[in-house]
Amino acid sequence: MKKVFESPKSLTKDPFTYCPGCHHGIAHRLVAEALDEFGVREKTIGVCPVGCSVFAYVFFNCDMICAAHGRAPAVATGIKRAKPDSIVFTYQGDGDLASIGTAEIVHTANRGENITVIFINNAIYGMTGGQMAPTTLVGQVTQTSPYGRDPKTMGYPIKVAEMLSTLKGVAYISRVALSKPAYILKAKKAIRKAFQTQIEGKGFSLVEVLSTCPTNWGLSPIEANKWLEENMIPYYPLGEFKTPEEVS
Amino acid sequence: MGEKMLMKGNEAIGEAAIRAGCHFYFGYPITPQTELTAYMAKKLLKMKNAAFVQAESELAAISMVYGAAATGVRSMTSSSSPGISLKQEGISYIACAELPCVIVNMQRGGPGLGSIQPGQADYFQATKGGGHGDYHLIVLAPSSVQELVDLTMDAFDLADKYTNPAMILGDGLIGQMMEAVEFKERKKIDLPDKEGWILTGCKGREKNYIVPFNLDPYEMEKLNLKIQEKYNKLKEKEVRCETVNLDNADLIIVAYGIVARIAKTVINNAKKVGINIGLIRPITLFPFPEKIIAETSEKVNKFLVVEMSMGQMLEDVKLAVNGKAEVNFYGRVGGVIPTQSEILTEIKKYLK
């Protein structure tokens, strides 16, 4: 009998410890599938952030390092410069990448570092229990925006994909979602393109992945998918923002 | 024999680092150490299998070092006081992850933005950990440009030997000073194999991972005890200091770096007026040469600690002396350098 579906080699056998309905598991799997498909697992070094996905080092079956909060792109820069033939990716949440690590992501992108960034945007801080993220939507209630995010004092949610697309050093940027199978297939394509960009030495690539956090949103997994589609996608449009011609 | 060259302290560190096999440098400009960053740019950008990155911040620079060190290469960053404060986050991570690297601090007057003149007020930060958590750096304190060269090379070896970050704790004066230096041939020494932990891709082996945390407190305590063991070994094996005229001295000066250099002039001038002064110059500030200080305090009952701080190494000297002798202090701060005549005047006060 032919095996048509199995666990990617780039994932360990450890069961995910993420909350029910959280999209980290899907995102991990898509990254792992891409590494498998390109046959680069054995030359890949992943950088995990501070936040829920600090545990990504357990789940990815490749060399891994944990960076300080927000510094993953700088750590990745050090790795890639020392080992230019390796495949280097960071996996970061929205607090990590778009708040405390803003300087690192902007300058790593601007230098055109030949790395891939998987940016999980779930509009909230998960690990610390549901505080406002830089990507929290206007009016969204969190522990630290208990009356809803008020742009007058808390600013507007940052559109990372659009912002980084303005930088000349960037090769590939897209935004995807994981709330339904059709989106997941597109997300997989985008993640593949991002790694392909790196493998071909074309420069910095980033995929912003709109994700759910049912636990801290206070919704069931199904309601969370619906909330993402009704609230996040209108503000964070899906699609490719930048592609190197040869990869598109 | 190597060739003799006239070099500025900051540039000499760069040359020493490159000759020690450090081909990966990540830095950010700050006075008075920028010549080192510029030197590394000039050299490394022309070299193969090397990298120079002007980082967006000190936080990023030390994180780049963390990444590079994780792959097993020798890497370095450098800065001066305010910039070193910013690096503390990464230094704590590197110490916890037990990665070797070298950090240079050409200290300037503090606190705050302070001044751009030399200082020694980062002693506590350098020797007691600096960032959060229980850890130490290997701290080396050069007092000449030649020693900057030698200690920079030693720093890479010590860092590799103990898989621990090492710091060159200089000051703005020594970085700016020009002196003749020689890059001596060095004996190959046996260093531990890095193969077991480096991140180079998992071809032919299980994956390696470097994570500076453990949510299980008992495991985290174990990790702490393991790195403490390393510090005990350092205390046992790697203490270095220079002593001058300890026998029959009426008073012992304890000073490091450029201040020790001034103290040597004090010793000569004091001799001319019939005062017999000795000097203990710690070369390693961590591990601190407490034994020689303790032994000397059994024989000489007056000490004078001189620093470009308000009395930081003073505390370690007092701990080592442990009440057996009188420990006095003279310090200038904010970028002011103590003169030999000021120090001699101070000494005379205690020898009345």
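Refer to the preceding data block for the structure.
S.K.: I'm lost on the overall build of chain B in this one. Help?
M.R.: Along chain B, the regular secondary structure elements total 12 helices and 15 strands. The C-alpha radius of gyration computed for chain B amounts to 20 Å, which stays within 12% of the reference 20 Å derived for 352 residues, consistent with globular compactness. Projecting the C-alpha coordinates of chain B onto the three principal axes gives extents of approximately 70 × 50 × 40 Å. A fraction of 78% describes how many contacts in chain B between residues 6 or more apart in sequence connect residues 24 or more apart.

S.K.: Could you clarify how one ought to interpret helix H10 (residues 290-299) of chain B in this entry?
M.R.: An α-helix turns once per 3.6 residues; consequently, residues spaced three or four apart project the same way. Residues and elements named next belong to chain B. Taken together, the buried positions of H10 are Ile-293, Thr-296 and Ser-297. Around the axis of H10, the buried residues are gathered within 105° of arc, so they sit on the same side. The exposed set on the far side of H10, more than 90 degrees from its buried face, consists of Glu-295 and Glu-298. Against strand S11 (251-254), strand S12 (277-282) and helix H11 (313-321) lie the buried residues of H10.

S.K.: Would you mind going over the nonpolar core with me for this structure?
M.R.: One recurring pattern in soluble globular proteins is that nonpolar side chains are buried together. Counting residues in hydrophobic clusters, the biggest one holds 195 residues, and the most contacted among them are Ile65(A), Val102(B) and Ala263(B). Mapped onto the domain boundaries, this core takes at least three residues apiece from domain 1 (4-237) and domain 2 (241-350) of chain B. The contacts of Ala263(B), once residues within four sequence positions are left out, are Ile253(B), Ala255(B), Leu279(B), Val306(B) and Ile343(B).

S.K.: For this particular structure, what's the right way to read unusual backbone geometry?
M.R.: Note on backbone geometry: most residues besides glycine have negative phi, and most peptide bonds are trans. Cis peptide bonds are those with omega within 30 degrees of zero, and the linkage from Thr31(B) to Pro32(B) qualifies with 5°. With respect to the helices and strands, Pro32(B) occurs in the loop between strand S2 (22-27) and helix H2 (34-44). That bond from Gly110(B) to Pro111(B) is cis: its omega, -10°, falls within 30 degrees of zero. Relative to the helices and strands, Pro111(B) is located in the loop between strand S5 (101-107) and helix H5 (123-127). Unlike most non-glycine residues, Ala123(A) shows phi in positive territory, near 65°. Along the chain, the position of Ala123(A) falls in the loop between strand S4 (116-121) and helix H6 (151-154). Unusually for a residue other than glycine, Thr163(B) sits at a positive phi of about 40°.

S.K.: What is the right way to read the sheet that holds strand S13 (residues 284-286) of chain B from this model?
M.R.: Strands in a sheet are paired, the pairing made by backbone hydrogen bonds, and the direction either parallel or antiparallel. All names here are of chain B. Spatially, S3-S2-S4-S5-S7-S6-S13 is the arrangement adopted by the 7 strands of the open sheet, whose pairing is mixed. Each edge of the sheet is formed by a strand with only one pairing partner; in this case those strands are strand S3 (51-54) and S13. The average undirected angle you get between the axes of adjacent strands in this sheet is 20°. The strands that helix H4 (residues 81-97) touches are strand S4 (74-79), S5 and strand S7 (165-171); relative to S5, the one it contacts most, it runs at about 160°.

S.K.: What is the right way to look at the pairing of strand S6 (residues 204-210) of chain A in this model?
M.R.: Each regular strand shows side chains that alternate between the opposite faces of the sheet. Residue and element names in this part refer to chain A. Within S6, 7 of the 7 residues are buried, which leaves the element mostly enclosed by the surrounding structure. Of the two faces of S6, the one holding Phe-204, Leu-206, Glu-208 and Leu-210 and the one holding Ser-205, Val-207 and Val-209 are both buried throughout. As defined by bridge partners, S4 adjoins S6 across 6 bridges and the pair is classed as parallel. When the bridges of S6 are listed, Phe-119 appears paired with Glu-208. Regarding the hand of the β-α-β motif, the stretch spanning strand S5 (residues 170-177), helix H8 (residues 181-199) and S6 is right-handed.

Each value, and the rule that gives it
- Residues numbered from 1 in each chain as written.
- Chains lettered and ligands numbered in written order.
- Predicted model: local features only at pLDDT ≥ 70, side-chain atom pairs only at ≥ 80, totals over all residues.
- Helix = DSSP H or I, 4+ residues; strand = E, 2+ residues; numbered from the N terminus.
- Rg over C-alpha atoms; globule rule 2.2 N^0.38 Å.
- Contact = placed C-beta atoms within 7 Å.
- Buried ≥ 20, exposed ≤ 12 C-beta atoms within 10 Å, placed from the backbone.
- Arc of directions from axis to C-beta.
- Core = buried A, V, L, I, M, F, W, Y, C linked by C-beta atoms within 7 Å.
- Domains from an automatic or database assignment.
- Pairing = 2+ DSSP bridges.
- Axes fitted to C-alpha atoms, helices over the stretch in contact; angles between N-to-C directions.
- Right-handed = clockwise from strand over helix to strand, strands pointing away.

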